[in-house]
Amino acid sequence: MAIRQTKVAIIGSGPAGLTAALYTARANLEPLVIRGLQPGGLITTTNEVENYPGFVESIGGFELADNMARQAERFGTNYLDTTVLSVDLSQRPFVLQTDSGDTVESESLIISTGASPRKLGVPGEEKLANLGVSYCATCDGFFFRNKRVVVVGGGNSAVEEGLFLTRYVSELVIVHRRDTLRADPVLQDRAFENEKVRFIWDSTVTEILGEERVTGVRLINLKTQEGTTMEADGVFPYIGHIPNTALFNGQLPMDELGYLIADNRMRTTVPGVFVAGDVMDHIYRQAITAAGQGCMAAMEAIWFLAEQEHLARRQALKR
Ligand code: NAP
């Protein structure tokens, strides 16, 4: 247990946080990144990243995040492997209490806590979590060799992760609440061409069945209201995300979906507090946009700290 004093604290270690770390480290600010529950962030649960510029072939999500972390470390980034339990933004230095018992006092703060997978919220989902219900195909796909697996959702995550699962499963059933996918056309084409993939349109899962493991799902057709039951060994919900903003309730403004609000320079209403990545962006939500926002937040933090130093020097001269 210790008090850690720093000029820049960064909460979260996905592409946004790690890019902010790289930039502030290269400005000799020795940032402290509190890595959180999922070091590297959500991108580490993606098997292959094909759209991060600079990699002619794809790169693994874990490898990409690990590279970013080591690159930032090379310039003096420090890491704290814990989660933040509370923040006090009412005065500077901002004070962060962490799960490890460490207290962090920081002159500036970059929030890049990301977003977490949205749950279906149906009976059986919680009880059967890790017993056939998973939110990470990359982590758990291997356990579903020659099984029938259901993916819920029609976005890029559902289709991309579903396609990854076809390496293992005997049948992949994508259950989508409409009759057209939201996923990029290139992914749609791959899914339509894949013989292991079957679609159930206009439907959603209303219950996940099983006692010790998932044995099936109950479905409802939203157009006809007809209910059916289907045998399945696994369920992977990919129905979007919820921003991780609970820490900032009452301290920073959020939109109606709970995302933090920033101006177009990543600044919040509290001077010295900046945001980047999925915690503030529900439109683009790409590794590359998160990294770009991390860079912007870092540059703003660098300028903010320089300004504070300048003001303090002027104040000292006046005395
Ligand atoms: P998303 O694009 O928001 O898609 C969520 C999907 O879940 C949608 O098809 C939505 O249906 C469905 N859905 C939402 N709530 C539901 C509910 N309660 N019950 C059933 N279905 C529900 O989320 P995402 O796929 O996680 O992607 C998030 C962001 O990351 C996107 O910007 C995406 O482009 C990006 N991403 C990019 C890549 C890539 O570029 N390779 C890979 C993964 C993710 P509707 O379509 O009817 O709304």
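Our subject is the structure that appears above.
Since the structure is predicted, the reported quantities are computational estimates derived from the model, not experimental observations. (Residues numbered from 1 in each chain as written. Predicted model: local features only at pLDDT ≥ 70, side-chain atom pairs only at ≥ 80, totals over all residues. Heavy atoms only, no water.)

S.K.: Would you explain the site of the ligand in this entry?
M.R.: Taken together, 20 residues lie around the ligand, and Asn51, Asn156, Ser157, Arg178 and Arg182 are the ones closest in. Separating an oxygen atom of the ligand from a backbone N or O atom of Gly154 is a distance of 2.9 Å. Arg177 has a polar side-chain atom sitting 2.9 Å from an oxygen atom of the ligand. In isolation the ligand exposes 910 Å². Once the protein is present, 80% of that is buried. It is helix H4 (residues 156–165) that provides the largest number of residues to the shell around the ligand, a total of 3 residues. Grouping the amino acids of the shell around the ligand by side-chain chemistry returns 4 nonpolar, 11 polar and 5 charged. (Near = heavy atom within 4 Å. Polar contact = N/O pair within 3.5 Å; in protein donor to acceptor, adjacent residues only side chain to side chain. Areas by Shrake-Rupley, 256 points an atom, 1.4 Å probe, with all protein chains shown as cover. Helix = DSSP H or I, 4+ residues; strand = E, 2+ residues; numbered from the N terminus. Nonpolar A, V, L, I, M, F, W, Y, C, P; charged D, E, K, R; others polar.)

S.K.: So what exactly am I meant to see when it comes to the packing of helix H1 (residues 15–26) against helix H2 (residues 61–74) here?
M.R.: Axis angle and axis distance: for two packed helices, these are the angle between their axes and the distance between the axes, and together they describe the pair. Orientation of H1 relative to H2, taken along the N-to-C sense of each, is 20°, at an axis distance of 8 Å. Taken together, the axes of H1 and H2 lie roughly parallel to each other. Considering only the axes of H1 and H2, their crossing is left-handed. In this structure, H1 contributes Pro15, Leu18, Ala21, Leu22 and Ala25 to the contact, and H2 contributes Ala65, Met68, Ala69, Gln71 and Ala72. In the contact of H1 with H2, the residues fall into 9 nonpolar, 1 polar and no charged. (Axes fitted to C-alpha atoms, helices over the stretch in contact; angles between N-to-C directions. Parallel < 35°, antiparallel > 145°, perpendicular 65-115°, else oblique. Left-handed = near helix turned anticlockwise from the far one by under 90°. Contact = heavy atoms within 4.5 Å.)

S.K.: What is the right way to read unusual backbone geometry from this model?
M.R.: In the segment running from Arg92 into Pro93, the intervening peptide bond is cis, with an omega of 0°. Secondary-structure assignment places Pro93 in the loop between strand S6 (84–88) and strand S7 (94–98). We note that Glu30 has phi near 45°; this positive angle belongs to a residue other than glycine. Of note, Glu30 is situated in the loop between H1 and strand S2 (32–34).

S.K.: Please explain the pattern of salt bridges as it appears in this structure.
M.R.: Opposite charge on two side chains permits pairing when their charged atoms draw close. Scanning the model with the defined rule gives 13 salt bridges in all. A salt bridge links Arg70 to Asp66; the shortest N-O distance between them is 3.2 Å. Of this pair, Arg70 and Asp66 are both found in helix H2, 4 residues apart, which corresponds to roughly one turn of the helix. Owing to a relative accessible area of 49%, Arg70 belongs among the partly exposed residues under this scheme. Residue Arg198 is joined to Glu171 by a salt bridge in which the shortest nitrogen-to-oxygen separation is 2.7 Å. (Salt bridge = Lys/Arg side-chain N within 4 Å of Asp/Glu carboxyl O. Buried < 20%, exposed > 50% of the residue type's maximum accessible area, 1.4 Å probe, protein only.)

S.K.: Sorry if this is basic, but what is going on with the packing of aromatic side chains here?
M.R.: We describe a pair of aromatic rings using the distance from one ring centre to the other and the angle between the two ring planes. With the rule as written, the count across this model stands at 8 aromatic pairs. When the ring of Phe142 is compared with that of Tyr168, the centres are 6.1 Å apart and the planes differ by 80°; the resulting orientation is edge-to-face. Here Tyr168 lies in the loop between H4 and strand S11 (171–175) and Phe142 lies in the loop between helix H3 (137–140) and strand S10 (148–152), a separation of 26 residues in the sequence. Seen in terms of ring centroids, Phe164 and Tyr168 are 5.7 Å apart; in terms of plane orientation they differ by 75°. Their pairing is edge-to-face. Joined through ring pairs, the aromatic side chains of Phe142, Phe143, Phe164 and Tyr168 make up one cluster. Against the face of Tyr79 rests Arg35, its NZ or CZ located 4.0 Å from the ring centre. Across the ring face of Tyr135, the terminal group of Lys119 is positioned such that the distance to the ring centre comes to 5.5 Å. (Phe/Tyr/Trp six-rings, centres within 6.5 Å; stacked < 30°, edge-to-face > 60°. Lys NZ or Arg CZ within 6 Å of the ring centre and 35° of its normal.)

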